[in-house]
Protein chains: 2
Amino acid sequence: MEASRPDTATRILDVSERLFVEHGFEATSLRMITQQAEVNLAAVNYHFGSKDALFEAVFMRRLAPLIASCLAELDELEAREEKLSVESLVTTFIRPCLALSKDPARGGALFVRLLSRTLVENHRLLRETISQQYSVFVQRYSRAFHHALPELGVEELAWRMHFAFSVMFNAFAGNDVLKIFTRSQIVSARDPDMIVKYLVPFVVAGLVSPVKG
Amino acid sequence: MEASRPDTATRILDVSERLFVEHGFEATSLRMITQQAEVNLAAVNYHFGSKDALFEAVFMRRLAPLIASCLAELDELEAREEKLSVESLVTTFIRPCLALSKDPARGGALFVRLLSRTLVENHRLLRETISQQYSVFVQRYSRAFHHALPELGVEELAWRMHFAFSVMFNAFAGNDVLKIFTRSQIVSARDPDMIVKYLVPFVVAGLVSPVKG
DNA sequence: AAGCGTTTCAAACTTACGTTTTAATTTGAT
DNA sequence: ATCAAATTAAAACGTAAGTTTGAAACGCTT
């Protein structure tokens, strides 16, 4: 019952996703990728055109479905409830991320880590192609949070959303900013369910906290 | 009244700090650095030994004083107050970061961005050298937060600190995870004072929120 | 079985990288 | 002023990077 070997392009995408997360885009060479994928060096340029285009392909394979899932959850929630709670809103984002993180067939947490890393790096390949395509994502969530938290001014809301998504991305990416200083033994640091148990209350508390006089 | 030209090593450090933030360590070549610093290519290896050692030098120049400042604030606070508030505790970390971000002579927000970026990248040069040196930082804050929030279990506290430092690092680093999707016009996104105004309440609310039954 | 588009392969190409070398120059103490 | 040490400079070294090439192998229709 050996798993059938995926085709060349898929093998390249899978290995690239992992190596880009581990070493970063620049530090990952096509020779590392093609060796681990057990394909010929020229296969990358044949199937994807260039290393830059490969990165975009790796990225879009996961990002498009992930964003679609979030928006679908948002649609469903807005159809079901009149007044949205902040927690349910946060969950529409968390749940697809969690599902992705727990699905080895889709690379598990690899992509969320890649996403987080790429956002922090402010990657040139992201600025150009992805920002315009997925502005609808931010717009939808901005409107939804505005309805859930009408007492917040637009500036304060924007900041709180910024903070909320920052910490959520980092949590799923497993970027333990404290562990790097110590040998801290949060053994469950990469267990997605544990993340959510503590993450949602933290984020919701920050979002709904009363405005300072 | 032209500023006197700093010596070669300092010019290299200053330029490297900026380029490492902009393009990352791997994508920044010594030729880019030495050209912009207007020094000879061999100067990096002469003064620092290698590109790896240069990165460490760039990093330690800022990190050691920053951590020292945080711990000094912590000492002062613990000497002054019996029972520490979470907000005052958060401020002992925020204030040195803010001071650094507002001081052009120390590179302004550049280093905090580099720190954030390097943490997310889980950089090899960080794991080896810095983690053991600065474990005292995490230990001190862990103890302090434990005293300020005695009702939290060690696991829950570790998670909340993880989330709190994540969002603080990202905020100072100016990693606007939402702006990359849109052309969002939070014009003040890089204004350190604005960050603190909204950041502290958000973080404190997450930290002190009551434990779920 | 022949033919044809698609894919794979080994090899080479060009370029840029970090580093080293050797000599020239500057600096600072005597 | 002199000499030794520290610094700068120009050039080259060896390696590895992304990409291209042209032929071989494969898969499919006829």
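Attention in this report is confined to the structure presented alongside it.

Scoring rules and cut-offs
- Residues numbered from 1 in each chain as written.
- Chains lettered and ligands numbered in written order.
- Predicted model: local features only at pLDDT ≥ 70, side-chain atom pairs only at ≥ 80, totals over all residues.
- Heavy atoms only, no water.
- Helix = DSSP H or I, 4+ residues; strand = E, 2+ residues; numbered from the N terminus.
- Buried < 20%, exposed > 50% of the residue type's maximum accessible area, 1.4 Å probe, protein only.
- Contact = heavy atoms within 4.5 Å.
- Areas by Shrake-Rupley, 256 points an atom, 1.4 Å probe, with all protein chains shown as cover.
- Salt bridge = Lys/Arg side-chain N within 4 Å of Asp/Glu carboxyl O.
- Near = heavy atom within 4 Å.
- Polar contact = N/O pair within 3.5 Å; in protein donor to acceptor, adjacent residues only side chain to side chain.
- Axes fitted to C-alpha atoms, helices over the stretch in contact; angles between N-to-C directions.
- Parallel < 35°, antiparallel > 145°, perpendicular 65-115°, else oblique.
- Left-handed = near helix turned anticlockwise from the far one by under 90°.
- Core = buried A, V, L, I, M, F, W, Y, C linked by side-chain atoms within 4.5 Å.
- Nonpolar A, V, L, I, M, F, W, Y, C, P; charged D, E, K, R; others polar.
- Disulfide = S-S within 2.5 Å.
- Expected span 1.5 Å × (residues − 1).

Okay, the overall build of chain A next. The secondary structure content of chain A amounts to 10 helices and zero strands. Put simply, chain A runs from its N terminus to its C terminus through helices and strands in the order α-α-α-α-α-α-α-α-α-α. Buried positions account for 54% of the 213 residues belonging to chain A. In chain A, the share of contacts with a sequence separation of at least 24, taken over all contacts with a separation of at least 6, comes to 73%. For chain A, the exposed surface amounts to about 9,600 Å²; the carbon and sulfur share of it is 54%.

Residue and element names in this part refer to chain B. Within the structure shown, the criterion is met by 27 salt bridges over all chains. Across the salt bridge formed by Glu38 and Arg11, the nearest N and O atoms sit 3.6 Å from each other. You can see Glu38 sitting in the loop between helix 2 (30-37) and helix 3 (43-48) and its partner Arg11 sitting in helix 1 (residues 8-23), a full 27 residues away along the chain. Among the residues examined, Glu38 registers a relative accessible area of 59% and is labelled exposed. Classification of Arg11 as buried rests on a relative accessible area of 14%. The residue Glu17 makes a salt bridge to Arg61 at a minimum N-O spacing of 3.7 Å.

Further remarks concern the protein's contact with DNA strand D. The full set close to DNA strand D counts 15 residues, and Leu30, Arg31 and Lys51 of chain A together with Thr8 and His47 of chain B are the nearest of them. Here DNA strand D approaches the protein such that, of its atoms within 4 Å, sugar and phosphate make up 49%. Ser29 of chain A places a polar side-chain atom, nitrogen or oxygen, 3.5 Å from a phosphate oxygen of DNA strand D. Take Arg31 of chain A: an N or O atom from its side chain is 2.7 Å from a base oxygen of DNA strand D. Within the residue set of the surface near DNA strand D, elements represented by two or more residues are helix 2 (30-37) of chain A together with helix 3 of chain B.

Another aspect to go through is the packing of helix 9 (residues 154-173) of chain A against helix 10 (residues 192-208) of chain A. Residue and element names in this part refer to chain A. Between helix 9 and helix 10, the least distance of the axes is 9 Å, while the angle of their chain directions is 170°. On the basis of the axis angle, helix 9 is roughly antiparallel to helix 10. On helix 10, the residues touching Arg160, Met161, Ala164, Val167, Met168, Ala171 and Phe172 of helix 9 are Ile195, Val196, Leu199, Val203, Gly206, Leu207 and Val208.

With that out of the way, let us pick up the packing of helix 5 (residues 86-101) of chain B against helix 8 (residues 135-148) of chain B. Residues and elements named next belong to chain B. Between helix 5 and helix 8, the shortest axis-to-axis distance is 10 Å and the interhelical angle comes to 165°. Our classification of the angle between helix 5 and helix 8 gives roughly antiparallel. For the pair helix 5 and helix 8, the sense of crossing is left-handed. Each of Val86, Leu89, Val90, Thr92 and Phe93 in helix 5 lies in contact with helix 8, whose residues at this interface are Phe137, Tyr141, Ala144, Phe145 and Ala148.

Here the focus is the nonpolar core. If you look at the biggest cluster of nonpolar residues, it comprises 142 residues, and the most contacted ones within it are Phe145 of chain A together with Phe145 of chain B. Look past the residues within four positions of Phe145 of chain A in its chain and what remains in contact with it is Val86, Leu89, Val90, Leu157, Met161, Phe165 and Leu207 of chain A.

Taken together, 15 residues lie around DNA strand C, and Thr8 and His47 of chain A together with Leu30, Arg31 and Lys51 of chain B are the ones closest in. Each atom of DNA strand C within 4 Å of the protein was assigned to sugar, phosphate or base; sugar and phosphate come to 50%. At a separation of 2.7 Å, a phosphate oxygen of DNA strand C approaches a polar backbone atom of Leu30 of chain B. Going through the elements one at a time, helix 3 (43-48) of chain A together with helix 2 of chain B are the ones with two or more residues in the surface near DNA strand C. Split into classes, the residues belonging to the surface near DNA strand C amount to five nonpolar, seven polar and three charged.

Our next topic: unusual backbone geometry. Residue and element names in this part refer to chain B. You will see that Glu38, though not glycine, has its phi angle at about 55°, which is positive. Although it is not a glycine, Asn122 adopts a positive phi angle of roughly 55°. Here Asn122 lies in the loop between helix 6 (110-121) and helix 7 (124-133).

Residue and element names in this part refer to chain B. Take Leu13: it is sitting in helix 1. On the basis of relative accessible area, Leu13 is assigned to the buried category, the value being 11%. Among residues more than four places away in sequence, those in contact with Leu13 are Phe48, Leu54, Ala57, Val58 and Arg61.

Residue and element names in this part refer to chain A. What the rule picks out here adds up to zero disulfides over all chains. Here Cys70 is not cross-linked by a disulfide; its sulfur's nearest cysteine counterpart is in Cys97, at 5.3 Å. For Cys70, a relative accessible area of 1% puts it in the buried group.

With that out of the way, let us pick up helix 1 of chain B. Residues and elements named next belong to chain B. With 16 residues, helix 1 ought to run about 22 Å at 1.5 Å a step, and its terminal C-alpha atoms sit 22 Å apart, in line with that. Among the residues of helix 1, those classed as buried are Arg11, Ile12, Leu13, Val15, Ser16, Glu17, Leu19, Phe20 and Val21. Positive backbone phi, approximately 90°, marks Gly24, located one or two places after helix 1.

As far as function goes, none of this settles anything; it's purely spatial.
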